[in-house]
Amino acid sequence: MAGNHEVLSRKYRPQRFQDVIHQNLAIGALQNAVKSGKIGHAYIFFGPRGVGKTTIARIFAKRLNCQNPIDNEPCNQCDSCQEITKGISGDVLEIDAASNRGIENIRELRDNVKFTPMGGKYKVYIIDEVHMLTDQSFNALLKTLEEPPAHVVFVLATTEYHKIPETILSRCQDFIFKKVPLSVLQDYAENLCKEENTKYDSEGLFWVAKKGDGSVRDMLSFMEQALVFTDNRLLGTEIRKMIGYHGIDFLSDFIKSLVDSDNPSKSLQIIENLYQEGQDIFKFLWDSIEFTHTLCLLKDSAADSESVNYPREDLIKMRKDFESIDLISLNKLSFRLFELFEKVKTLRLRNSFEIKIFIEIQIKKLTDDLAKPSLAGLVDRINHLILMIQDQDSAPSNNFEAPKKQSVAPVKEVQTPPPPKPTIESNEKKEISQTPQATGGFSSLEAMAKDVSSEDAEWEKSFKNEFLGTDVDPSKVPKLGL
Ligand SMILES: [Zn+2]
């Protein structure tokens, strides 16, 4: 690499609106404002870090003062554009409110605002992290916003909109900037690799984009590190090593060992091996939580590549590997692992050995608990059995379709239905409604189903109150006499 290395985020900082990715709504509105000459005095740019707020503010400032705009874009050639690019323009002032939050900074700004622009038409003040200003500073800024000189434009950038006083917000136009989706970041990273003649594969691009977490700046910063670490090769296998990712086979083995009651010591062996290899067990615990949570999302069909931390190929394999383990067990496991993670965090154990010992004890307890059936699993099982009994009972001599919901009635003695409400219907119908096995009369059956289901709810409530939060001993499960 040449000695005069320029960091990627600087090298590829967009200089025109069209070079910014994924902020089309905000950019379109700003370009329209310039086109129609309706320039506001103050704008709030709100959105997560590193998505292009200050970059767009600079391009906007350039466009406002450009001597020779082309297609509603700054020319990047004229004196004004070049000065802004170099950061030496007297007409564009950037203030970082995180480090200049005091009243004296804003007073200085107020004094400066009076002066007309030197080269361009507008003086543009870009206040970054504006929510960091003190109350006094906000008050001082408000005075300027109340009666701004015609040549002044404020761009207030923030990641925390709710911390800005209402009085300020009411004088600004809001622009919302969005996180950049994973797929868009992946495409962007791929273009950069081509531009930089860097070797890459799709998993490498995935990790780079994922580490960006919606932010172009964070992605570029990670890519910069990865290029050094991997000697200019953005390959999945190399980046895995760099970020200490254990890979799904390893995590799969661990999670399976927790639910596999035949081999209870395997999970402990995995922890021991990690410890011997000097790996971070606490991080591994978090990876396991993320893995299990993703499995739950996969079971729920709620996982997509934007929301989870795994390459597409891994997701396919995970779905297949855990086909036989039900969602209830996985949810329980994910919750219990998270509880353990929280405990380790709160205890502030002194070293990795203490962490290992504590995790081993807890994992042992966890595997013992998991071997017992869960309440939800039992209720499911009981309801399933009742369904089977009812299906058997109702199979013959049925000349109507039974209400479907009624089939979830849980175990209990057969209840006599409540007496029918007085009606002017025929005696024949009354008789039908008094006989549970009667066939016919949809309305009376519906009424009956309603009564039964309200009793069911009562029963379920008392059952839950009795057992909720407990693990049920299998020997206490009621015999169903099947
Ligand atoms: Zn220009």
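If you check an unreviewed UniProt entry, the chain appears there as DNA polymerase III subunit gamma/tau from Leptospira sarikeiensis.

Attention now goes to the overall build of the chain. Summing up its helical and strand segments, the chain has 20 helices and seven strands in all. For the chain, the proportion of its 482 residues judged to be buried stands at 27%. In the chain, the share of contacts with a sequence separation of at least 24, taken over all contacts with a separation of at least 6, comes to 75%.

With that settled, consider the sheet that holds strand β1 (residues 42-46). As summarised here, the arrangement of the five strands in space is β2-β3-β4-β1-β5, forming an open sheet in which the pairing is parallel. One side of each edge strand has no neighbouring strand; the edge strands of this open sheet are β2 (92-96) and β5 (173-176). The sheet shows a mean angle of 20° between the axes of neighbouring strands, taken without regard to direction. Where β1 meets strand β4 (residues 152-158), five bridges bridge the pair, whose relative direction is parallel.

This paragraph deals with helix α13 (residues 266-276). What sets the pattern is the α-helix's 3.6 residues per turn: residues three or four places apart point alike. Among the residues of α13, Ser267, Ile271 and Leu274 are the ones counted as buried. Axial view of α13: buried residues confined to an arc of 60°, hence all on one face. Of the residues in α13, the exposed ones pointing more than 90 degrees away from the buried face are Gln269, Asn273 and Gln276. If you follow the buried residues of α13, they end up packed against α12 (248-259), α14 (281-299) and α17 (352-371). The positive-phi residue at the C-terminal boundary of α13 is Gly278, with phi of around 75°.

Let us look at the pairing of β1. Summarising burial for β1: five of the five residues are buried, a large majority. Residues Ala42, Ile44 and Phe46 point to one face of β1 and Tyr43 and Phe45 to the other, with burial holding for every one of them. Across four bridges, β1 lies against β5 in parallel orientation. In the sheet register, Tyr43 faces β5, and the bridge partner there is Gln173.

This part takes up the packing of helix α8 (residues 182-196) against helix α9 (residues 202-212). One way to put it is that α8 packs onto α9 with a least axis distance of 8 Å and a crossing angle of 125°. In terms of their interaxial angle, α8 and α9 are classed as oblique. Crossing geometry of α8 relative to α9 is assigned as right-handed. Contact with α8, carried on its side by Leu182, Leu185, Gln186, Ala189 and Glu190, involves Leu205, Phe206, Val208, Ala209, Lys210 and Gly212 of α9 and no other residues of that element. Tallied by class, residues from the contact of α8 with α9 come to seven nonpolar, two polar and two charged.

It is worth spelling out the nonpolar core at this point. In terms of nonpolar packing, the biggest core is built from 64 residues, with Val155, Leu156, Ala189 and Val208 touching the most fellow members. Both domain 1 (8-176) and domain 2 (182-243) contribute no fewer than three residues apiece to this core. Residues within four places of Ala189 in sequence aside, it is in contact with Leu205, Val208, Ala209, Met219 and Met223. Counting residues in hydrophobic clusters, the runner-up holds 22 residues, among them Leu285, Cys296, Met318 and Leu330.

Moving on: the environment of Leu370. Assignment of secondary structure puts Leu370 in helix α17. We classify Leu370 as partly exposed; it has 19 C-beta atoms within 10 Å. Along the sequence, Leu370 and Lys332 sit 38 residues apart, while their C-alpha atoms lie 8.5 Å from each other. Excluding residues within four positions of it along the chain, Leu370 makes contact with Leu258, Val259 and Leu333.

In this section: the confidence of the model for the chain. On average, residues of the chain carry a pLDDT of 82, and 80% of them reach 70 or more. Confidence drops under pLDDT 50 across residues 398-417; counting only partners more than four residues distant or on other chains, this segment forms 32 contacts. Note that residues 419-442 has pLDDT below 50 and, in this model, 16 contacts with residues that lie over four places away or in other chains.

This part is about the environment of Phe222. With respect to the helices and strands, the residue Phe222 is situated in helix α10 (residues 216-229). Each C-alpha atom, one on Phe222 and one on Lys211, is 6.8 Å from the other, the two residues being eleven residues apart in sequence. The contact partners of Phe222, leaving out residues within four places of it in the chain, are Val208, Lys211 and Gly212.

Attention now goes to the packing of α9 against helix α11 (residues 236-243). Think of two packed helices as two axes; the pair is described by the angle between the axes and how far apart they sit. Here α9 crosses α11 at 35°, and the two axes come no closer than 7 Å. Facing α9, whose interface residues are Glu203, Gly204 and Trp207, α11 presents Gly236, Ile239 and Ile243. Here the residues of the contact of α9 with α11 sort into three nonpolar, two polar and one charged.

With that out of the way, let us pick up the pairing of β2. Bridge count for β2 against strand β3 (residues 123-128) is five bridges, and the pairing is parallel. Following the sheet pairing, Ile95 is matched in β3 by Ile127. Crossover β2 to β3 through helix α5 (residues 103-113) is right-handed.

On to unusual backbone geometry. Note on backbone geometry: most residues besides glycine have negative phi, and most peptide bonds are trans. Non-glycine residue Asp71 carries a positive phi angle of around 50°. With respect to the secondary-structure elements, Asp71 resides in the loop between α3 (53-65) and α4 (79-86). C-beta crowding within 10 Å serves as the criterion here: with 9 such atoms nearby, Asp71 is assigned to the exposed category. Although it is not a glycine, Asn197 sits at a positive phi angle of roughly 55°.

Here the focus is the environment of Ser334. One can find Ser334 in helix α16 (residues 327-347). Among the residues examined, Ser334 registers 21 C-beta atoms within 10 Å and is labelled buried. Sequence separation between Ser334 and Leu295 is 39 residues, and the spatial gap between their C-alpha atoms is 9.2 Å. Each residue touching Ser334, except ones within four places of it in the same chain, is listed here: Ile289, Thr292, His293 and Cys296.

Definitions and limits used
The numbering scheme is per chain: residues are counted from 1 as the chain's sequence reads. Predicted model: local features are reported for residues with pLDDT of at least 70 only, side-chain atom pairs are reported and counted for 80 or more only, and whole-chain, interface and lining totals are derived from all residues. In this description a helix means any DSSP run of H or I spanning at least four residues, a strand means any run of E spanning at least two, and both kinds are numbered starting from the N terminus. Partly exposed residues are those whose C-beta has more than 12 but fewer than 20 other C-beta atoms within 10 Å; with 20 or more the residue is buried, with 12 or fewer it is exposed, and the C-beta atoms are placed from the backbone. Whether two residues are in contact depends on their C-beta atoms, placed from the backbone: they are in contact if these lie within 7 Å. Should DSSP find at least two bridges between two strands, the strands are taken to pair. Geometry is summarised by axes, namely lines fitted to C-alpha atoms with helices restricted to the contacting stretch, and by angles between N-to-C directions that run from 0 to 180 degrees. Throughout, the arc means the angular range of directions from the helix axis out to the C-beta atoms. Here the angle decides the label: under 35 degrees means roughly parallel, over 145 means roughly antiparallel, 65 to 115 means roughly perpendicular, and every other value means oblique. By convention the crossing between two helices is left-handed if the near helix lies anticlockwise of the far one by an angle smaller than a right angle, and right-handed if it lies clockwise. Amino acids outside the nonpolar list (Ala, Val, Leu, Ile, Met, Phe, Trp, Tyr, Cys, Pro) and the charged list (Asp, Glu, Lys, Arg) are all regarded as polar, and Gly is one of them. What we call a nonpolar core is a set of buried Ala, Val, Leu, Ile, Met, Phe, Trp, Tyr and Cys residues whose membership is set by joining through C-beta atoms within 7 Å. The start and end points of each domain follow an automatic or database-based domain assignment. Each residue carries a pLDDT score, the predictor's own confidence in it, on a scale running from 0 to 100. With its strands directed away from the observer, a crossover is right-handed exactly when the path from the first strand over the helix to the second travels clockwise.

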